[in-house]
Amino acid sequence: MNSIQRKILTMSLIVLFIMVTIWMVLTYYNQKTQEQYNDILQRYLRMNEVTDRSHQTITALNDYLQKPTALKQQTLNQSKENIMMAKQQTISLRNKDNAFTLTSFINMIDSLVASADLSVMFLEQGNGEQSAEKFEEATRIDKYIAETTVTLIDKEVRTYDAFYRGIIEQSAELKRLGIWLLSLITIMLLLFTYWFSLSITRPIQKLTIAAKELSRGRFDKPIAVHSNDEISFLAKTFDRMRININNLISEIQQKAQLESELQQNKLLLKESQLISLQSQINPHFLFNTLDILSKKAYLDGSEETSDLIANVAGLLRYNLRRLDRAVTLEEELSVILKYIEIQSARFTDRLRFVLEVDESCLQLLLPCLTLQPIIENAVIHAVEPLEDGGTISLRIYEKENLVLIEIEDDGTGMTAEKANHILTEGGNADGVGHSTGIGFSNVVKRLRLFVGDDDVIEIRSAPQEGTKVTIKMPIVGSAAEHVEIVNR
């Protein structure tokens, strides 16, 4: 089932995905353009760097020729190294448009370094005139390098002019694409939002119309809501409530009709005579009547009804036994199964009963009507109030000279304080039993008297975690010593 929360989350993820996709595409194109611009700028800077290194070399050479010193010679050598490094970086800038000019440019750098070396050599040999000629030659080469740098940059500008125009056109195309994409996404989101809102509001509108029909007293009109979320569950629950109310109204009308008929015949039976007759009914007559009804239902083909009446008769017969008499666990289990069959007819598949029994424990003696009130209490709290019903488990097994009887349900449970109150202060989980008139605290008291130990029963429970009742019956001594107990 798709919940409304999941639908909202899905829509949010779709919107987020679209936004992230657009952001990534724009970031990619922006980064790509930025890298291309940066590459062109680096080309310009490398070409211009050659001119700067050339000027630095001429300046260092002039300083050295004016007054040769070791420091100035070191500066000159460093300048020559720098311009050779710039030359190596310039070689990578070659393309088909500037191949010839760049080759001449590189040769000029070599000529400049060579002229500088010759000028220094002639100076060291004492030939000042030749040294000055080479210095002038190096100066001319420096000017040529500067002029060639401008030429190369101009070629670069013309070469990448188409690129600049392409970038501008690409930006315009990208802008138009962004507008169309934004418009398309906006339309898609509007359509999706409209569909999404309809999937929520349309079922709610149907429920609203159904509620208005119910407020007008029309309980015969089915509530049909086709969705796959909590609203569908709410509609089904609402429809079941409508059916139950409609059935209840029908039952009330039938009862009203019966009451009307009884009222018409009240002159035939006086209230005192009716009470007198009711007080004189013999239980054996009631059992015989139920047996006759059971056989009559069986002969009529209603086997389930026959079994149900027979179980009711057996349950009533067992409940009229004296509470101070001990019974075997087998007898107690037999009446439990009859009670479960009766309740299964009432709750159908809402009541799930799990039975695990060690048959070697079935001859254990325990007080009459010990397990049924506990089972009934579990039905009241774990099955009856819950729409999906519940599971009741009954386990009987032997452990360490004890017979352990565990009754567990998956109902709403109770707090530890309430469970302790039931065991220590005589509190009760639910008043008295619906079918036996015996409450939980009565069972606890009789068990403790029967066994002679307060630690004969244990309750483990927590809110929304179910309840587990454990009865610990000794195998040796308990039956002989406690065949007769006092019902307190």
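Here, the structure is the one placed above.
Attention here is on the structure that accompanies the text.

In this section: the packing of helix H10 (residues 329-347) against helix H11 (residues 371-382). Following both chains from N to C, one finds H10 and H11 inclined at 25 degrees, their axes separated by 9 Å at the closest point. Looking at the two axes, H10 sits roughly parallel to H11. Considering how the two elements wind past one another, H10 and H11 form a crossing that is right-handed. Of the residues in H11, those in contact with Leu329, Glu332, Val335, Ile336, Tyr339, Ile340, Gln343 and Phe347 of H10 are Leu371, Gln372, Ile375, Glu376 and Val379. Residues belonging to the contact of H10 with H11 are distributed by class as follows: nine nonpolar, two polar and two charged.

Structural remark: α-helix, 3.6 residues per turn; residues separated by three or four positions point the same way. Between its first and last C-alpha atoms helix H13 (residues 440-451) spans 17 Å; for 12 residues at 1.5 Å apiece the expected length is 16 Å, and the two agree. By the criterion of burial, H13 is predominantly enclosed, with nine of the 12 residues buried. Every buried residue of H13 is listed here: Phe440, Ser441, Asn442, Val443, Val444, Arg446, Leu447, Phe450 and Val451. Backbone geometry just downstream of H13 places Gly452 in the positive-phi region, at approximately 80 degrees.

This part takes up the pattern of salt bridges. Tallied over the full model, the rule gives nine salt bridges. The shortest N-O distance in the salt bridge between Arg240 and Glu387 comes to 2.0 Å. Residue Arg240 is located in helix H6 (residues 230-264), and its partner Glu387 is located in the loop between H11 and strand E4 (390-399); the two are separated by 147 residues in the primary sequence. Residue classification places Arg240 among the partly exposed residues on the basis of a relative accessible area of 37%.

The subject of this paragraph is the packing of aromatic side chains. Summed over the entire model, instances satisfying the criterion amount to one aromatic pair. A centroid spacing of 5.7 Å and a plane angle of 35 degrees characterise the contact between Phe192 and Trp195, whose relative ring orientation is tilted. Taken together, the residues Phe192 and Trp195, both in helix H5 (residues 161-215) and three residues apart, mark about one turn of the helix. Judged by relative accessible area, Phe192 falls into the partly exposed class, the value being 23%.

Cut-offs used in this document
- Residues numbered from 1 in each chain as written.
- Predicted model: local features only at pLDDT ≥ 70, side-chain atom pairs only at ≥ 80, totals over all residues.
- Heavy atoms only, no water.
- Axes fitted to C-alpha atoms, helices over the stretch in contact; angles between N-to-C directions.
- Helix = DSSP H or I, 4+ residues; strand = E, 2+ residues; numbered from the N terminus.
- Parallel < 35°, antiparallel > 145°, perpendicular 65-115°, else oblique.
- Left-handed = near helix turned anticlockwise from the far one by under 90°.
- Contact = heavy atoms within 4.5 Å.
- Nonpolar A, V, L, I, M, F, W, Y, C, P; charged D, E, K, R; others polar.
- Expected span 1.5 Å × (residues − 1).
- Buried < 20%, exposed > 50% of the residue type's maximum accessible area, 1.4 Å probe, protein only.
- Salt bridge = Lys/Arg side-chain N within 4 Å of Asp/Glu carboxyl O.
- Phe/Tyr/Trp six-rings, centres within 6.5 Å; stacked < 30°, edge-to-face > 60°.

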